[in-house]
Amino acid sequence: MRLKALLRPVACVCLLSLAACGSTVPRTSTSAANASTTSIPTADAPVRIGIALGGGAAKGFAHIGVIKMLEANGLAPDMVAGTSAGSVVGALYASGMDAFDMQQKAVALDEASIRDLQWSAGGLVKGQKLQDYVNTQVQNLPLEKLPKPFVAVATRLEDGKRIVFARGNTGQAVRASSSIPGVFEPVRIGKQHYVDGGIASPVPVDAVRELGADLVIAVDISEKPRGKTPANLLGTMGQSIAIMGQRLGQAELARADVTVRPQVLDIGPSDFTQRAQAIVEGEKAVMAVMPQIREKVARIQAERLKAAQLAQQQTAQDRLQTCLKQRSSLEKMAGMAGLNNACANP
């Protein structure tokens, strides 16, 4: 306090002298102060929900029930990744259909409209009808132009690598993702051949996370070995794929935030007669974990708020330091004298 009292007259004299010379006291540059400002996370930005729809042939109708209840609870997915049957539902959903639209499509679906049988060494089903059906439903939009971000996951036959289709022919990508080896003919795209994505990624958690999802909901409808012999070729192939991808799938499922498991094990892979029951099972399964989903959303929002507050505090400190560094010697003297407090509240 004594130092301020001693400096006050000196500072006043200096300031008055400068004023007499027609000079003005320089001020801290607003643009310079803003240049040091760090970006502040938006605490109220919506949580981006991604849904990973797994494979399971006719069990895939359960995905519609899951999406239906998410929409009804204000938690509609913002982006979607699909494997096999999940890619079919995912493509339709990404095209702009809501769950009720998809349910109507499911009820009206004629199995013959998506299954073109053939006698070929490559597979019993060609898959062209499935490709055409999907393209018709999405109005021939390519993957990159669908209203919602969507990717289909397939397996490259030449090396077994997981391939994520994000651009190009939507129906063709879905067909590749759904081509069960031995049942469907492998899909040739360019010089490569593609088969069911369930071999490399049964539930495509990583693919939807890569789209930018903050929260990933995985829907697992995969076949589980239960000590029973499958009743037909499709069942045998489906269970074989499930066994092959089981360990890999478990590791990927562990990276989801929430996993939904509809009780559809008793629905056969080619049993389209139980599509309504599959949808109901999807509804029941997601409602069972709805509190968990809400808790995860709330946690993400709380973490964002905390990060935003910390960023604001850091920004205030940065502005203060910038202001203090840019003051002139005269301003520093004035500040010590209590005449200039410009940096107190930057």
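Here we summarise the structure given alongside this text. What you see is a predicted model; the values in this text were computed from it and never measured. (Residues numbered from 1 in each chain as written. Predicted model: local features only at pLDDT ≥ 70, side-chain atom pairs only at ≥ 80, totals over all residues. Heavy atoms only, no water.)

### Some points on the overall build of the protein chain
Turning to step 1, where the next piece is worked out: Of the regular secondary structure elements, the protein chain holds 12 helices and 8 strands.
Turning to step 2, where the next piece is worked out: Relative to its full complement of 346 residues, the protein chain shows a buried share of 45%.
Turning to step 3, where the next piece is worked out: Within the protein chain, contacts between residues separated by at least 24 positions form 76% of all contacts whose residues are at least 6 apart in sequence.
Turning to step 4, where the next piece is worked out: Carbon together with sulfur atoms contributes 55% to the accessible area of the protein chain, which is approximately 17,300 Å² in total. (Helix = DSSP H or I, 4+ residues; strand = E, 2+ residues; numbered from the N terminus. Buried < 20%, exposed > 50% of the residue type's maximum accessible area, 1.4 Å probe, protein only. Contact = heavy atoms within 4.5 Å. Areas by Shrake-Rupley, 256 points an atom, 1.4 Å probe, with all protein chains shown as cover.)

### So, the packing of helix α3 (residues 62–72) against helix α4 (residues 85–94)
Turning to step 1, where the next piece is worked out: Axis separation between α3 and α4 bottoms out at 10 Å; the angle between their running directions is 40 degrees. In terms of axis orientation, α3 runs oblique to α4. Contacts between α3 and α4 involve His63, Ile64, Ile67 and Glu71 from the first element and Gly86, Val89 and Tyr93 from the second.
Turning to step 2, where the next piece is worked out: Residues that form the contact of α3 with α4 fall into these classes: 4 nonpolar, 2 polar and 1 charged. (Axes fitted to C-alpha atoms, helices over the stretch in contact; angles between N-to-C directions. Parallel < 35°, antiparallel > 145°, perpendicular 65-115°, else oblique. Nonpolar A, V, L, I, M, F, W, Y, C, P; charged D, E, K, R; others polar.)

### Quick word on the pattern of salt bridges
Turning to step 1, where the next piece is worked out: Summed over all chains, the structure comprises 13 salt bridges.
Turning to step 2, where the next piece is worked out: Measuring nitrogen to oxygen at the nearest pair gives 2.4 Å for the salt bridge that ties glutamate 111 to arginine 115.
Turning to step 3, where the next piece is worked out: Accessibility expressed as a relative area gives 25% for glutamate 111, which makes it partly exposed.
Turning to step 4, where the next piece is worked out: For glutamate 281, the salt bridge is made with lysine 284, and the minimal N-O distance between the two is 3.5 Å. Of the two residues, glutamate 281 and lysine 284 are both situated in helix α10 (residues 275–288); the distance of 3 residues between them amounts to about one turn of the helix.
Turning to step 5, where the next piece is worked out: When salt bridges with common partners are traced through the structure, they connect Arg48, Asp214 and Arg304 into a single cluster. (Salt bridge = Lys/Arg side-chain N within 4 Å of Asp/Glu carboxyl O.)

### Things to note about the side chain of serine 179
Turning to step 1, where the next piece is worked out: When you line up the elements, serine 179 lands in the loop between α7 (170–177) and β5 (187–189).
Turning to step 2, where the next piece is worked out: Assessed through its relative accessible area of 0%, serine 179 is described here as buried.

### Here's the deal with the packing of aromatic side chains
Turning to step 1, where the next piece is worked out: Summed over all chains, the structure comprises 2 aromatic pairs.
Turning to step 2, where the next piece is worked out: Centroid distance phenylalanine 61 to phenylalanine 272: 5.5 Å. Interplanar angle 85 degrees. Geometry classified as edge-to-face. Here the residue phenylalanine 61 occupies a position in the loop between β1 (49–53) and α3, and phenylalanine 272 occupies one in the loop between β8 (258–260) and α10, the gap between them amounting to 211 residues.
Turning to step 3, where the next piece is worked out: On the basis of relative accessibility, which here comes to 10%, the residue phenylalanine 272 falls in the buried class.
Turning to step 4, where the next piece is worked out: Ring geometry for phenylalanine 165 versus tyrosine 194: centroids 5.3 Å apart, planes at 70 degrees, classification edge-to-face. Here phenylalanine 165, found in strand β4 (residues 162–165), pairs with tyrosine 194, found in strand β6 (residues 192–196); they are 29 residues apart in sequence, far enough to count as distant. Each member of the pair, phenylalanine 165 as well as tyrosine 194, is classed as buried. (Phe/Tyr/Trp six-rings, centres within 6.5 Å; stacked < 30°, edge-to-face > 60°.)

### Let's talk about unusual backbone geometry
Turning to step 1, where the next piece is worked out: Positive phi is not limited to glycine here, since serine 84 has a value of about 55 degrees.
Turning to step 2, where the next piece is worked out: Inspection of the secondary structure puts serine 84 in the loop between β2 (79–83) and α4.
Turning to step 3, where the next piece is worked out: Looking at serine 84, the relative accessible area reads 6%, which means it is buried.
Turning to step 4, where the next piece is worked out: Look at glutamine 139: it is not a glycine, yet its phi comes out positive at around 60 degrees.
Turning to step 5, where the next piece is worked out: You can see glutamine 139 is positioned in the loop between α6 (128–137) and β3 (150–156).

### Thoughts on the side chain of aspartate 196
Turning to step 1, where the next piece is worked out: Here aspartate 196 shows up in strand β6.
Turning to step 2, where the next piece is worked out: Buried and unpaired, aspartate 196 has arginine 115 as its nearest opposite-charge partner, separated by 11 Å.
Turning to step 3, where the next piece is worked out: Within polar-contact distance, the side chain of aspartate 196 engages the side chain of serine 84 at 2.8 Å. (Lys, Arg positive; Asp, Glu negative; His and termini not counted. Polar contact = N/O pair within 3.5 Å; in protein donor to acceptor, adjacent residues only side chain to side chain.)

### Notes on the environment of alanine 200
Turning to step 1, where the next piece is worked out: Here alanine 200 shows up in the loop between β6 and α8 (205–210).
Turning to step 2, where the next piece is worked out: Separated by 44 residues in sequence, alanine 200 and arginine 156 place their C-alpha atoms 9.0 Å apart.
Turning to step 3, where the next piece is worked out: Among all residues touching alanine 200, those that are not within four sequence positions of it are Thr155, Gly160, Arg162 and Leu248.

### Some points on the nonpolar core
Turning to step 1, where the next piece is worked out: In terms of nonpolar packing, the biggest core is built from 60 residues, with Leu70, Val286 and Ile293 touching the most fellow members.
Turning to step 2, where the next piece is worked out: Not counting the four nearest positions on each side in its chain, isoleucine 293 is found in contact with Leu70, Leu75, Leu215, Ile217, Val258 and Val286.
Turning to step 3, where the next piece is worked out: Membership of the second largest hydrophobic core comes to 14 residues, among which are Met79, Val203, Ala213 and Ala218. (Core = buried A, V, L, I, M, F, W, Y, C linked by side-chain atoms within 4.5 Å.)

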